[in-house]
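The lines below spell out each chain.
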Amino acid sequence: MDHGSHTQKVATPAAPFGLRSGEGWRDLDLVGLEEILEGQRHNRASFAVTPTCFIPAPEAGGYPVPEAVVAQANQLSREDTVVLLPCNWRWLRRSSVPLLVEHIRSCRHPVALIVQADGDPLERDQAVEGLRQVCRSCPRVMLWRTDLAAFDAMAHGALGAAVGASAVLRHGVAPRPDNGGGGRRPYPVVLVRRLLRYHRVATLQDWFAHVDPWTCDCAVCKDAALVRFTDRESDVLAALQHSVCELYALHGELDTTLPGDERIGWWRQQLSDAREYYRLLATRTNVEVGFPKVLQAWTRHSPMALPSTEKYPAQRKSGPS
Ligand SMILES: [Zn+2]
């Protein structure tokens, strides 16, 4: 369970973990942290997740925080815990990645990385490259609160990933006083597998206003058109079910490939197919839809893993999956 503490409070080296409860905010020492993790397991979670607060950019006060998170977590004598590292995207820049990798490698638990930015963090300068380097260099890292970047991460060696069920869960958000407040009216968003991208149904309706819309052959859609979802609650739910079906189908394909070059080759093929579909879409609908910046970045050559240092030897590729 992700308690979402990172959407509510900034972490400090003295208090990297905390939680909002009925009695208000509570900073967690090691005993408190144990108690929360134990509670998650007691509620039948398959593994516990640290309620880590938000880690700002290194130059914005975040520099000493990951070390404090890992140092405290390493004192836990548990084998069922994932350490959450909710970081500002600037940690993925060339100048900061080696340090981030060093901290993740030194953690004796698997690490779930959340990348925060206003908008898509992977559209930021050096972020795609940095994230690939983290995934290649840290065998026990997972990417959380993400979108199709889950597949780029896993193709590059991430242990796992979690795709958000709603747009606000597909990237990290910085703490704000009003976070966790009332929800906006839901509108349908679908994963368009051919385009490797989530789109609002309203956008698809614009594209296909004058031509036959694309259909989907997943178990939910059964060859129906993707433009059919309205903003009725039942349709928003069905749109989500469609997206989940498509994610699992894509994951099923990834899972048949061998980790390493074969998996990266499979992902590159998905990207090159998607590029063709973007072209096809533009031709067919007469709408100018460019190949998205992030997909473009994913087609580029990926960096090598960082060499492991004596101090923090790379973790063995084992543990929970
Ligand atoms: Zn479908």
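Not measured: the values here are computed from a predicted model.

A.B. asks: What is the right way to read the confidence of the model for the protein chain from this model?
C.D. replies: Parts of the model with low pLDDT should not have their predicted coordinates read in detail. Averaged over the protein chain, the pLDDT score is 93; the fraction of residues at 70 or greater is 93%. Under a pLDDT of 50 for its full length, residues 312-321 has, in the predicted model, 18 contacts with residues more than four places off or in other chains.

A.B. asks: What exactly am I supposed to notice about the sheet that holds strand E7 (residues 160-163) here?
C.D. replies: The strand order across the open sheet formed by five strands is E3-E4-E5-E6-E7, and the pairing between neighbours is parallel. Edge positions in the open sheet fall to strand E3 (48-49) and E7, since each of these has one partner strand only. Here strand E6 (residues 141-146) runs beside E7; their pairing, made up of three bridges, is parallel. Following the sheet pairing, Met-142 is matched in E7 by Gly-160. Seen against the sheet, helix H3 (residues 97-106) touches strand E4 (81-88), strand E5 (111-116) and E6 and runs at an angle of roughly 165° to E4.

A.B. asks: Sorry if this is basic, but what is going on with the nonpolar core here?
C.D. replies: What tends to happen in soluble globular proteins is that the nonpolar side chains get buried as a cluster. Within the largest apolar cluster, 84 residues are counted, with the highest numbers of intra-cluster contacts made by Leu-85, Leu-100, Leu-113, Leu-122, Val-134, Phe-151 and Trp-298. Take this core: its biggest share by element is seven residues, from helix H8 (residues 261-285). There are two domains that each give this core at least three residues, and those are domain 1 (5-169) and domain 2 (189-291). If we ignore the near neighbours within four places in the chain, the residues touching Phe-151 are Leu-247, Leu-250, His-251, Leu-254, Trp-266 and Trp-267.

A.B. asks: What should I look at first to understand the environment of Arg-108 in this one?
C.D. replies: Of note, Arg-108 is situated in the loop between H3 and E5. Note on Arg-108: relative accessible area 32%, which makes it partly exposed. Taking C-alpha positions, Arg-108 is 8.1 Å from Ala-73, a pair spaced 35 residues apart along the chain. For Arg-108, the residues in contact, after removing those within four places along its chain, are Asn-74, Leu-76, Ser-77, Arg-78, Glu-79 and Arg-140.

A.B. asks: What is the right way to read the coordination of the zinc ion from this model?
C.D. replies: In an ideal tetrahedron of four donors about a metal, each angle is 109.5 degrees. In an ideal octahedron of six donors, the angles are 90 or 180 degrees. Protein ligation of the zinc ion involves Cys-216 (SG), Cys-218 (SG), Cys-221 (SG) and His-242 (ND1), the donor distances falling in the range 2.0 to 2.3 Å. Seen from the zinc ion, its four donor atoms lie at angles of 104 to 117°, and the figure they make is tetrahedral. Read from N- to C-terminus, the donor residues coordinating the zinc ion fall into the pattern C-x1-C-x2-C-x20-H. One end of the pair, Cys-216, is in strand E10 (residues 215-216); the other, His-242, is in helix H7 (residues 233-255), with 26 residues separating them in the sequence.

Reading guide: rules and limits
- Residues numbered from 1 in each chain as written.
- Predicted model: local features only at pLDDT ≥ 70, side-chain atom pairs only at ≥ 80, totals over all residues.
- Heavy atoms only, no water.
- pLDDT = per-residue confidence, 0-100.
- Contact = heavy atoms within 4.5 Å.
- Pairing = 2+ DSSP bridges.
- Helix = DSSP H or I, 4+ residues; strand = E, 2+ residues; numbered from the N terminus.
- Axes fitted to C-alpha atoms, helices over the stretch in contact; angles between N-to-C directions.
- Core = buried A, V, L, I, M, F, W, Y, C linked by side-chain atoms within 4.5 Å.
- Buried < 20%, exposed > 50% of the residue type's maximum accessible area, 1.4 Å probe, protein only.
- Domains from an automatic or database assignment.
- Donors = N, O, S within 2.8 Å, 3.2 Å for Na, K, Ca; no water.
- Tetrahedral: all angles 85-135°; square planar, octahedral: opposite > 155°, others 65-115°.

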